[in-house]
Amino acid sequence: MGAEQQCDDMEVAFSDSEAFRSVQHVLQSVRMDPFLIDLRDKEQYDILLCAVDSTTRRNSDDQAMLATTLRALSEAVSKIDIMYHHALLHNIFTMSIWYYNRDTRDALLDLIIRLSAVADQYLRECLQMLVNNFTPPGPLVSQMEKLVSDDKRKEIYSQLHESLKMISDTVPLAPRVLKDIINRSMPKLFDNKVMVSFVECMLGLDTERLGDLIGTSLLEKVVDLLTELDVNITWEDILQEEHSKGIFEMELEDLAGDVDKFGQETEVLFGGNVCAEKLDGLMVVVCEHLKSCAEHGCLKREFDILKTIFRKGVLKVHKSKFAQFIMFYACSLDPEICGLDFALFLTDIFTKKEDDAIARMSAVSYVGSYLSRARFISADTVVAILKRLVDWCIDHCERQKKKHTRTKNPVEHQIFYASCQAVMYVLCFRLRSIMDYPNLKSQVFKMNIRSILMDPLEPLKVCLPSIVNEFLRQAKAARLFNASVDLELEDRIDSDLSKAFGGVNRLDMFFPFDPYLLKESDRRYIRPNFEFWSLVKTTYSDDEGDELGDFNAPGMNVDSLDDNFDVELNSDDDDIEYTMNKMSITPHRSFYHPMAMSGDSGLSMPARIRPSVSPPS
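So, how was this worked out
- Residues numbered from 1 in each chain as written.
- Predicted model: local features only at pLDDT ≥ 70, side-chain atom pairs only at ≥ 80, totals over all residues.
- Heavy atoms only, no water.
- Core = buried A, V, L, I, M, F, W, Y, C linked by side-chain atoms within 4.5 Å.
- Buried < 20%, exposed > 50% of the residue type's maximum accessible area, 1.4 Å probe, protein only.
- Helix = DSSP H or I, 4+ residues; strand = E, 2+ residues; numbered from the N terminus.
- Contact = heavy atoms within 4.5 Å.
- Axes fitted to C-alpha atoms, helices over the stretch in contact; angles between N-to-C directions.
- Parallel < 35°, antiparallel > 145°, perpendicular 65-115°, else oblique.
- Left-handed = near helix turned anticlockwise from the far one by under 90°.
- Nonpolar A, V, L, I, M, F, W, Y, C, P; charged D, E, K, R; others polar.
- Expected span 1.5 Å × (residues − 1).
- pLDDT = per-residue confidence, 0-100.
- Phe/Tyr/Trp six-rings, centres within 6.5 Å; stacked < 30°, edge-to-face > 60°.
- Lys NZ or Arg CZ within 6 Å of the ring centre and 35° of its normal.
- Salt bridge = Lys/Arg side-chain N within 4 Å of Asp/Glu carboxyl O.
- Patch = residues over 30% accessible without salt bridge, like charges linked within 9 Å, V, L, I, M, F, W, Y side chains within 5 Å.
- Areas by Shrake-Rupley, 256 points an atom, 1.4 Å probe, with all protein chains shown as cover.
- Polar contact = N/O pair within 3.5 Å; in protein donor to acceptor, adjacent residues only side chain to side chain.

Engineer: I'm lost on the nonpolar core in this one. Help?
Structural biologist: The tendency in soluble globular proteins is for nonpolar side chains to be buried as a group. Counting 177 residues, the largest nonpolar core has Leu73, Leu115, Phe134, Phe342, Tyr370 and Phe471 as its most contacted members. Residue contributions to this core peak at 16 residues, all from helix 20 (residues 414-435). With sequence-adjacent residues up to four places away left out, Tyr370 is seen in contact with Phe328, Cys331, Gly339, Phe342, Ala343, Phe376, Ile377 and Phe513.

Engineer: What am I meant to see in the packing of helix 5 (residues 86-93) against helix 6 (residues 102-116) here?
Structural biologist: When two helices pack together, you describe them by how their axes are tilted relative to each other and by the distance separating the axes. Direction vectors running N to C along helix 5 and helix 6 enclose 125°, while the axes themselves pass 11 Å from each other. It follows that helix 5 is oblique to helix 6 by the angle criterion. The crossing of helix 5 and helix 6 is left-handed. For the pair helix 5 and helix 6, the contacting residues are Leu89, Ile92 and Phe93 in the first and Leu108, Leu111, Ile112 and Leu115 in the second. Here the contact of helix 5 with helix 6 is built from residues that sort into seven nonpolar, no polar and no charged.

Engineer: Just checking my understanding: could you explain helix 5 for this structure?
Structural biologist: Because the α-helix completes a turn every 3.6 residues, residues three or four places apart line up on one side. Within helix 5, burial applies to Leu88, Leu89, Asn91, Ile92 and Phe93. Against helix 2 (19-29), helix 3 (39-51), helix 4 (60-75), helix 6 and helix 7 (123-132) lie the buried residues of helix 5.

Engineer: Honestly, helix 15 (residues 299-313) in this entry has me stumped. Any pointers?
Structural biologist: A rise of 1.5 Å per residue sets the reference length of helix 15, with its 15 residues, at 21 Å; its end C-alpha atoms lie 20 Å apart and thus fit the reference within 8%. Taken as a whole, helix 15 has its buried residues at Leu299, Glu302, Phe303, Ile305, Leu306, Lys307, Ile309 and Phe310.

Engineer: Would you take a moment to explain the confidence of the model for the protein for this structure?
Structural biologist: In low-pLDDT regions, the fine details of the predicted coordinates are not to be read closely. Per-residue pLDDT for the protein averages 78, and the proportion of residues at 70 or more is 70%. Mean pLDDT across the elements of the protein ranges from a minimum in helix 27 (residues 594-597), with 30, to a maximum in helix 16 (residues 325-333), with 98. Taken as a whole, residues 8-16 scores under 50 in pLDDT and shows 14 contacts with residues more than four places along the chain or in a different chain. Predicted confidence is poor over residues 252-272, with pLDDT under 50, and the contacts of this stretch with residues over four places away or in other chains come to 51 contacts.

Engineer: What is the right way to read the side chain of Asn133 from this model?
Structural biologist: Looking at the element boundaries, Asn133 is found in the loop between helix 7 and helix 8 (138-141). Assessed through its relative accessible area of 3%, Asn133 is described here as buried. Residue contacts for Asn133: discarding those within four places in its chain leaves Met95, Ser96, Ile97, Trp98 and Leu160.

Engineer: Sorry if this is basic, but what is going on with the packing of aromatic side chains here?
Structural biologist: Given two aromatic rings, their pairing is described by the distance between the two centres and the angle made by the two planes. This structure, assessed with the given rule, holds 28 aromatic pairs. An angle of 85° between the planes, with centres 5.0 Å apart, marks the rings of Phe310 and Tyr366 as edge-to-face. Of this pair, Phe310 sits in helix 15 while Tyr366 sits in helix 18 (residues 357-373), and the two are 56 residues apart along the sequence. When sorted by exposure, Phe310 lands in the same class as Tyr366, which is buried. Each ring, one from Tyr370 and one from Phe513, has its centre 6.1 Å from the other, and the planes form 55°; the classification is tilted. With Tyr370 in helix 18 and Phe513 in the loop between helix 25 (496-502) and helix 26 (519-526), this pair connects stretches of sequence that are 143 residues apart. Phe513 matches Tyr370 in its accessibility class, with the two residues each being buried. The residue whose ring lies beneath Arg399 is Trp392, and the NZ or CZ to ring-centre distance is 5.9 Å. A cation over an aromatic ring shows up here: Arg473 above the ring of Tyr540, its NZ or CZ 4.3 Å from the ring centre.

Engineer: So what exactly am I meant to see when it comes to the pattern of salt bridges here?
Structural biologist: A side chain of one charge can pair with a side chain of the opposite charge if their charged atoms are brought near each other. In this structure the tally under the stated criterion is 32 salt bridges. Taking the shortest distance from any N to any O, the salt bridge between Arg31 and Asp81 comes out at 3.6 Å. Linking Arg31 in the loop between helix 2 and helix 3 with Asp81 in the loop between helix 4 and helix 5, this pair joins segments that are 50 residues apart in sequence. Take Arg31: its relative accessible area is 29%, and that puts it in the partly exposed class. Its salt-bridge partner being Arg301, residue Glu302 comes within 3.2 Å of it at the nearest N-O pair. With relative accessibility at 0%, the residue Glu302 sits in the buried group.

Engineer: Before we go on, may I ask you to explain a nonpolar patch on the surface in this structure?
Structural biologist: Side chains of Ile82, Met83 and Tyr84 sit close together on the surface and give an oily, nonpolar patch of about 310 Å² of accessible area. Looking at where Met83 falls in the secondary structure, it is placed in the loop between helix 4 and helix 5.

Engineer: I keep staring at the packing of helix 7 against helix 10 (residues 150-170) and nothing clicks. Help me out?
Structural biologist: Two elements in contact, helix 7 and helix 10, have axes separated by 10 Å at closest approach and are oriented at 160°. With respect to each other, helix 7 and helix 10 are oriented roughly antiparallel. As helix 7 runs across helix 10, the sense of the crossing is left-handed. Contacts from Leu123, Leu127 and Leu130 in helix 7 reach Leu160, Ser163, Leu164 and Ile167 in helix 10. Tallied by class, residues from the contact of helix 7 with helix 10 come to six nonpolar, one polar and no charged.

Engineer: Looking at this structure, I do not really get the environment of Lys300. What am I missing?
Structural biologist: With respect to the helices, strands and loops of the structure, Lys300 is situated in helix 15. The spatial distance from the C-alpha of Lys300 to the C-alpha of Asp334 is 8.6 Å, given a sequence separation of 34 residues. In this structure, Lys300 is in contact with Ile337, Cys338 and Asp341, ignoring residues within four places of it in sequence. At a separation of 2.7 Å, a polar atom in the side chain of Lys300 contacts the side chain of Asp304.

Engineer: In this structure, what is going on with the side chain of Gln474? I would like to understand it.
Structural biologist: In this structure, Gln474 sits in helix 24 (residues 465-477). Residues contacting Gln474, with those up to four places away along its chain left out, are Leu427, Cys428, Leu431, Trp533, Thr538, Thr539 and Tyr540.

Engineer: Explain unusual backbone geometry to me, please; I cannot follow it from the model alone.
Structural biologist: Leave glycine aside and you will find that most residues have negative phi; peptide bonds, for their part, are mostly trans. We note that Asn448 has phi near 60°; this positive angle belongs to a residue other than glycine. Locating Asn448 in the fold gives a position in the loop between helix 21 (438-446) and helix 22 (449-453). Even without glycine at this site, Arg479 takes up a positive phi of about 60°. Along the chain, Arg479 turns up in the loop between helix 24 and helix 25.

And the structure:
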């Protein structure tokens, strides 16, 4: 009863206008050696400690009393001393704003802001207290959706952001200390219940002045977290029989019927996979942040930061399957500036010699996959980038002709083969749409693609057979290039030569923007901007499936074929079975079967998934 009576007494004392002077008196009266403190003053100080006890749960009347006490402490902040009021400061710094109403939260945050400016001695503790409140307290985490409305959550985040901004404006050292505290306070990788909430609140700091000071660090931390989660989703459960299927057979076939419904009738893609569900939630948060940046006119700034982070931390992470889609979505928000910029950025990495071969191969794989899958990229941008790739390949071939000893070693020319494969891959997706524009069609025919594909380096023998066959079929129908498909390669996804140029990381099979498999973020952000193979119009079929007849190009000899090109030809195209549901290197229809969802596979991918790049042997 003692504690309850003390708190009741405090309520009487603090319910009138004398509260502020009473708190000041109590604080001053205990600033001395404990043996010298008057017992009545000690009792009043204990009542004050009880009033701000962080473990006490309060009703609305109790919160009104707490708000009065906190405002009184704010007025008396100069009287608070770390040596004599350690217990009081502990109670304040361990309080959670998630339990309180708006008025009480305002009073608490005002006290924290004032404390932070007291000769910097409480700065770290104040910032740590605010960062601790990025996530709801433990008891609320499991019931957050029931107890904390979305509006209240956003209101709390807004209050935290405003408080941190005010402290940063007042204390010049604050941003540097805050950055360190955030780095130390990031939830652990598998701390599923608080990570999404923490990141959502953290990204809210990436605005205006505070964002200019720590925005790069915040984004880098988030991308590192996304990538780390991403690579922890493994491919161990892939069925071996999928390795024999062609790229054009491994699209998400079930998406063909409802791709325009944005997933409303599609099964849960990664149900039960904790790591994937967490990653999905984080992708939603990051995409919402980028969307907000676009709405407030600061997307380009954010995009430039992301480009630097992408080049440093994502480009060469070949096990990443989802994290790179933050770049994809950012580009979709501003196709004319960011969308074009990303394509040029990747092409520059490929064509210039500053980076190593792996980075350059990754970059050309990225640009090929990006131009193929991004609905928002215009056909003229596609043609402009293709010209740069083709020109580079022509220069490479010319350089090889000048050498006295010319080898066909796939490893030696792996960047060349990667570029040839990217060109063919893009044209598989985009050739028909390019043919619809006479000026772009003319540019493609002038690129002399035939000269690089028929070069003695023989890229048609080295690149992935599935891509080669689909490209040749479309190129022939468009009268761009003519070489019949080798039926023996039709159902093969790779060859010994393609494995050789791909290297241990199998970059010959690296298609970083393959169909995206995280349900919520896919439905809301990725799918509306993504090109599925099942919707691609090819040059050999019109909307009704009839063969297209007239893609004549002036001066093009459609029957030309280098006599020295040693590949088995078959002119009977009717024997080749192509469908509109053949593209990519990811899952097959049977993944959606309920049996594919069962079993205890830990953090591994569900069984019927095929990765963009095979796991290292």
